[in-house]
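The residues making up each chain are set out below.
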Amino acid sequence: MSSVSSPVSTRLPVFPWDKLEPCKRTAVAHPDGIVDLSVGTPVDPVPELVQRALTSAADSPGYPTVWGTVELRDALTGWGGRRLGATGLTHHHVLPVVGSKELVAWLPTQLGLGPGDRVAYPRLAYPTYEVGARLAGAEPVVYDDPTELDPAGLKLLWLNSPSNPTGRVLTQDELTRAVGWAREHGILLVSDECYLELGWEADPVSVLHPEVCGGSYEGIVAVHSLSKRSNLAGYRAAFLLGDSAVLGELLQIRKHGGMITPAPVQAATVAALGDDSHVTEQRARYASRRAALRAALESHGFRIEHSEASLYLWATRDEPCWDTVAHLAALGILVAPGDFYGEAGARHIRVAFTATDERVEAAVKRLG
């Protein structure tokens with residue numbers, strides 16, 4: 001490493017999941033094995049029609065394109081209109097990406113942000129928003145209400161609804177206000193909507209809905225992923241919709257950088273977006289796991305806050321989060337400490353309901 005003047009990794013926080021290893025060892029030692037409710041990784045099968053589309057496209061010897069096939073762009077615009085209510089989407093309003101985490105981490109750099117620029121995200125948030133700012137050398141800034149931020153030097157505003165970790169859903173009015181404020185100050189607003197199809201006690205609205213954006217995509221981009229709604233975390237299948245000028249610039253940069261969704265994954269994405277039945281089936285699985293875990297946690301003395309959407313329960317026993325994590329690890333249940341998502345989460349835990357029915361049942365028994 002001596003030839004590297006200043007390793008970029010020194011700008012970054014400690015990778016949070018490494019801190020959880022001791023508690024994971026405790027949970028693994030449980031006689032009936034670990035119930036891992038920490039990361040939120042899908043465990044159910046990839047839908048058959050998606051697997052077929054992937055394997056049918058397996059003979060793909062040539063280079064795919066960064067912008068994706070015509071079929072993929074048609075699928076993205078069609079889904080955006082059908083599911084998000086977005087109007088007038090063209091191929092210039094969509095861009096496939098190699099999983100949403102890659103996009104979140106590298107967007108500030110690809111936008112040319114650096115020292116002196118500011119990137120804002122919710123006070124309780126997915127850690128990669130901060131990582132993205134730090135990788136670019138920009139200043140990370142947290143907010144409770146985005147419209148109360150100082151707009152000076154602010155170049156990128158992240159929204160996240162439904163929220164990871166809290167499951168909170170922003171109302172249409174809150175989204176509309178944020179879009180208006182960002183446009184007024186010339187700030188790019190990027191809305192992470194990867195859990196949009198997983199609303200339980202709320203119906204999440206996209207920032208691209210005409211009643212939010214006024215039918216114009218100027219200054220706004222939405223991020224979507226197939227990891228959660230279609231069990232495709234292993235495929236790295238995600239995409240952007242929104243401002244054609246921003247997406248056109250990203251397309252040029254990503255062509256040079258070789259950030260290409262593999263051809264079989266492009267074909268699988270077309271299949272996944274063309275079928276709603278597997279999404280309905282998966283929602284039903286998650287709904288029953290959510291109900292079972294919520295009741296068990298509440299009977300065990302937890303209070304559930306927000307959690308009206310997404311794949312998580314945001315829970316507290318009004319004690320330091322690491323005490324709660326250790327308590328549950330002793331029962332063989334691994335959860336994520338709230339402080340992974342910001343200091344404001346120091347007395348909460350995030351409980352994913354992405355375990356098999358058998359493991360959820362085991363957790364419910366242990367909490368009983």
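Look a little higher up for the structure.
Below or above, wherever it landed, is the structure these notes cover. Everything numeric in this text was worked out from a predicted model, so none of it was measured.

**Here's the deal with the pairing of strand S6 (residues 188–192)**
Right, so step 1: The element S6 is largely enclosed, with a buried count of 5 among its 5 residues.
Right, so step 2: Residues of S6 alternate between two faces, with Leu188, Val190 and Asp192 on one and Leu189 and Ser191 on the opposite face, all of them buried.
Right, so step 3: Two strands pair when backbone bridges link them, and strand S5 (residues 154–160) and S6 are joined in this way by 5 bridges, in the parallel orientation. Note that in S6 the partner of Trp158 across the bridge is Val190.

**A look at helix H9 (residues 263–273)**
Right, so step 1: Counting buried positions over the 11 residues of H9 gives 8, a clear majority of the element.
Right, so step 2: Residues of H9 that are buried: Pro264, Val265, Gln266, Ala268, Thr269, Ala271, Ala272 and Leu273.
Right, so step 3: If you follow the buried residues of H9, they end up packed against helix H2 (48–56), helix H3 (70–84), strand S8 (238–242) and helix H10 (277–299).

**Digging into the pattern of salt bridges**
For side chains bearing opposite charge, pairing can occur when the charged atoms are close.
Right, so step 1: Counted under the stated rule, the structure contains 21 salt bridges.
Right, so step 2: In this structure, Glu139 and Arg118 form a salt bridge, with 4.0 Å as the shortest nitrogen-oxygen distance. Of the two residues, Glu139 sits in strand S4 (residues 139–143) while Arg118 sits in strand S3 (residues 118–122), which places them 21 residues apart along the sequence.
Right, so step 3: When its relative accessible area of 15% is taken as the criterion, Arg118 is described as buried.
Right, so step 4: With its nearest N and O atoms 2.6 Å apart, the salt bridge here joins Arg168 to Glu174.
Right, so step 5: Owing to a relative accessible area of 25%, Glu174 belongs among the partly exposed residues under this scheme.

Procedures and definitions
- Residues numbered from 1 in each chain as written.
- Predicted model: local features only at pLDDT ≥ 70, side-chain atom pairs only at ≥ 80, totals over all residues.
- Heavy atoms only, no water.
- Buried < 20%, exposed > 50% of the residue type's maximum accessible area, 1.4 Å probe, protein only.
- Helix = DSSP H or I, 4+ residues; strand = E, 2+ residues; numbered from the N terminus.
- Pairing = 2+ DSSP bridges.
- Contact = heavy atoms within 4.5 Å.
- Salt bridge = Lys/Arg side-chain N within 4 Å of Asp/Glu carboxyl O.

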